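Per-entry structural report
Given next are the chains, with one letter for each unit.
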Amino acid sequence: MKALLFLFISFLFIAGFSHAQDDRTDRLGIGIGPAKMYGDNTGVHSKFKFKVLPVLSLDYNKKIETHFDVKATLGWQMVNSGDFYNTEQIDKIAESNLPHAFRGNIYYADVMPVYHINPNQSGYLPSLIKVYTGLGLGYFYSQRTDERLILNDPLRRTETYSASDSGIYLPFRLGIYKDLQSDADIGLEATLVVSPFSELEGNDQQQKRIKSDMLMQFQFFYRIFIGK
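A short tour of the structure in this document, coming up.

What counts, and where the lines are drawn
Residues numbered from 1 in each chain as written. Predicted model: local features only at pLDDT ≥ 70, side-chain atom pairs only at ≥ 80, totals over all residues. Heavy atoms only, no water. Helix = DSSP H or I, 4+ residues; strand = E, 2+ residues; numbered from the N terminus. Buried < 20%, exposed > 50% of the residue type's maximum accessible area, 1.4 Å probe, protein only. Contact = heavy atoms within 4.5 Å. Salt bridge = Lys/Arg side-chain N within 4 Å of Asp/Glu carboxyl O.

**Side note on the side chain of serine 81**
Structurally, serine 81 is set in the loop between β3 (68-80) and α2 (87-95). Owing to a relative accessible area of 2%, serine 81 belongs among the buried residues under this scheme. Filtering out sequence-adjacent residues up to four positions away, serine 81 remains in contact with Asn41, Thr42, Gly43, Lys51, His100, Ala101 and Phe102.

**A few points about the pattern of salt bridges**
Tallying each qualifying case throughout the model produces 16 salt bridges. Ionic pairing is found between lysine 71 and aspartate 59, a salt bridge with its closest N-O pair at 2.4 Å. Of this pair, lysine 71 sits in strand β3 while aspartate 59 sits in strand β2 (residues 53-65), placing them twelve residues apart in sequence. Pair check on accessibility: lysine 71 and aspartate 59 agree, each one buried. When the shortest N-O distance is used, the salt bridge between aspartate 59 and arginine 223 registers 2.8 Å. Taken together, the residues span a long stretch of sequence, with aspartate 59 in strand β2 and arginine 223 in strand β9 (residues 213-226) at a distance of 164 residues. Judged on exposure class, the residue aspartate 59 and its partner arginine 223 are both buried. A cluster of three or more residues bridged by salt bridges with shared partners is formed by Asp59, Lys71, Asp110, Arg173, Glu189 and Arg223.

Written out as structure tokens, the structure is:
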């Protein structure tokens, strides 16, 4: 009888505790981490020869219901082609009147619905680590200094010039986070930015296996709760 009474009291305690756990609220976050670009003149990806540079972003998460948020993100990523091509490859790119190198910045903004796979729910024990994913739509602006070989120059001189591109992109995100004792959480987020119609780096020679240019980002996030 005592065992049954103990189990009953324990159940009430757990149910009451977990009932209060459906507490996700609106959040404001900042993220930073490493990133790379997948483009036509951004390295030899099959041999893992490419630049890894910083990415920084701000996001706002608006809770819709237990499983869904709407997430808005503003971000910046540094980009640089690096120096991975030999003379023959550079000549081939120059023959198409395209740049073989660049450096610059990409600015982007997007909105996406976010699905929380295992949120805290009334009647359930809270999850220690929570997982979410989402697919959205955004707009980018790529601002660069491009470099191109001057054809038929015996000294193999190059010219540099300002260039830019812009267009829509599709962001896909997968993240995990953990609530802190303070009104905040920390997490890790992987993002794949796909530009299906526009060039991120000003080169459309299609030397890569996948047609679309992409950004690949991995960020550490700190988010504070707002709206409580």
